[in-house]
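# Examination of the molecular architecture
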Amino acid sequence: FWLALPIGVLVASISGALLGIPVLRMRGDYLAIVTLGFGEIIRILSKSDVLTSFAGGPQGIRNIGGPVLFGATLNSAMHYMYLILLGIGLVAFVTHRLQNSRTGRAWRRP
């Protein structure tokens, strides 16, 4: 899980950047149409049998175990909720610290 997590983030970042580069100059209705189109293409591909051998289809990639945190296996929906809340708290803490740092104050200047 801990190896698959950064790989998933990296793949999502790269694919988002590659899909976003051609769309950077679009505005208004055209941007909305392209955004909805890309979303629909990804939804159809994820539900189809085309990527089943690569990504597992609708079930996702198999054989990735649940996260183990401090020796405890997190394998229920409640455990995942706590892990997500921990991540949200970490992001909020880092964002707050960054906003109040010298760099954050410099970014806010007009």
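To be clear, the structure that these remarks concern was listed above.
What comes next is a walk through the structure. Being a predicted model, the structure only gives us computed values, none of them experimental. (Residues numbered from 1 in each chain as written. Predicted model: local features only at pLDDT ≥ 70, side-chain atom pairs only at ≥ 80, totals over all residues. Heavy atoms only, no water.)

## Examining the overall build of the protein chain
A count of helices and strands for the protein chain gives 5 helices and 2 strands. For the protein chain, the sequential pattern of α-helices and β-strands runs α-α-α-β-β-α-α. The C-alpha atoms of the protein chain give a radius of gyration of 19 Å, which is well past the 13 Å a tight globule of 110 residues would have. Oriented by its inertia axes, the alpha-carbon framework of the protein chain measures out at about 50 × 45 × 20 Å. For the protein chain, buried positions account for 7% of its 110 residues. Of all intrachain contacts in the protein chain linking residues separated by at least 6 positions in sequence, the fraction that spans at least 24 positions is 27%. Accessible surface, the protein chain as shown: approximately 9,500 Å² in total, 70% of it carbon and sulfur. (Helix = DSSP H or I, 4+ residues; strand = E, 2+ residues; numbered from the N terminus. Rg over C-alpha atoms; globule rule 2.2 N^0.38 Å. Buried < 20%, exposed > 50% of the residue type's maximum accessible area, 1.4 Å probe, protein only. Contact = heavy atoms within 4.5 Å. Areas by Shrake-Rupley, 256 points an atom, 1.4 Å probe, with all protein chains shown as cover.)

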